[in-house]
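If you want the building blocks of each chain, they are given just below.
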Amino acid sequence: MIRPRPLLLALAVLAALLTPAEAHRLRLFATVTGDQITGRAFFVGGGRPNGATITVRDAGGRVIATVTTDADGAFTLRPDGPPPLTLTVDAGDGHTATTTL
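Cut-offs and rules
Residues numbered from 1 in each chain as written. Predicted model: local features only at pLDDT ≥ 70, side-chain atom pairs only at ≥ 80, totals over all residues. Heavy atoms only, no water. Helix = DSSP H or I, 4+ residues; strand = E, 2+ residues; numbered from the N terminus. Buried < 20%, exposed > 50% of the residue type's maximum accessible area, 1.4 Å probe, protein only. Contact = heavy atoms within 4.5 Å. Pairing = 2+ DSSP bridges. Axes fitted to C-alpha atoms, helices over the stretch in contact; angles between N-to-C directions.

So, on to the side chain of Thr69. For Thr69, the position within the fold is in the loop between strand S4 (63-68) and strand S5 (74-77). Judged by its relative accessible area of 4%, Thr69 falls in the buried class. Setting aside chain neighbours within four positions, we find Thr69 in contact with Ala41, Pro49, Asn50, Gly51, Ala52, Ile54, Ala74 and Phe75.

What follows is about the sheet that holds strand S2 (residues 36-43). Ordered in space as S1-S2-S5, the 3 strands form an open sheet in which the pairing is antiparallel. Lying at the two open borders of the sheet, with one neighbouring strand each, are strand S1 (26-33) and S5. Neighbour-to-neighbour, the strand axes of the sheet open up by a mean angle of 20 degrees, direction not taken into account. Relative to S2, S1 runs antiparallel, the two being bridged by 8 bridges. Looking at the pairing, Phe29 lines up with Arg40 of S2.

With that settled, consider the sheet that holds strand S6 (residues 86-90). In space, the 4 strands of this open sheet follow the order S4-S3-S6-S7, with antiparallel pairing throughout. Of all strands in the sheet, those with a lone pairing partner are S4 and strand S7 (96-100), marking the two edges. Strand-to-strand twist of the sheet, defined as the mean angle between neighbouring strand axes without regard to direction, takes the value 15 degrees. Bridge count for strand S3 (residues 53-57) against S4 is 5 bridges, and the pairing is antiparallel. Paired with Ile54 across the strands is Val67, a residue of S4.

Written out as structure tokens, the structure reads:
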């Protein structure tokens, strides 16, 4: 039989260990409107990466565009290539996120 107190304590410790990592997780949102891609990078829990590099790759993995985020983590670009396109944001210190359009 499992004792409730040790189980609850173990779950509380596990939750405490996982929360800080999630708080620094980087996300990338992008959308296509006509020939333009707009989007925003942000950290879960708050914060936006200013000056992070967004790299756009075509289906073959070739870099077709790069742009940096503004103070709000936002970016706009007109890629020179057809979909699917893969966007990757690199905010430094191992913080990266990728999305495919």
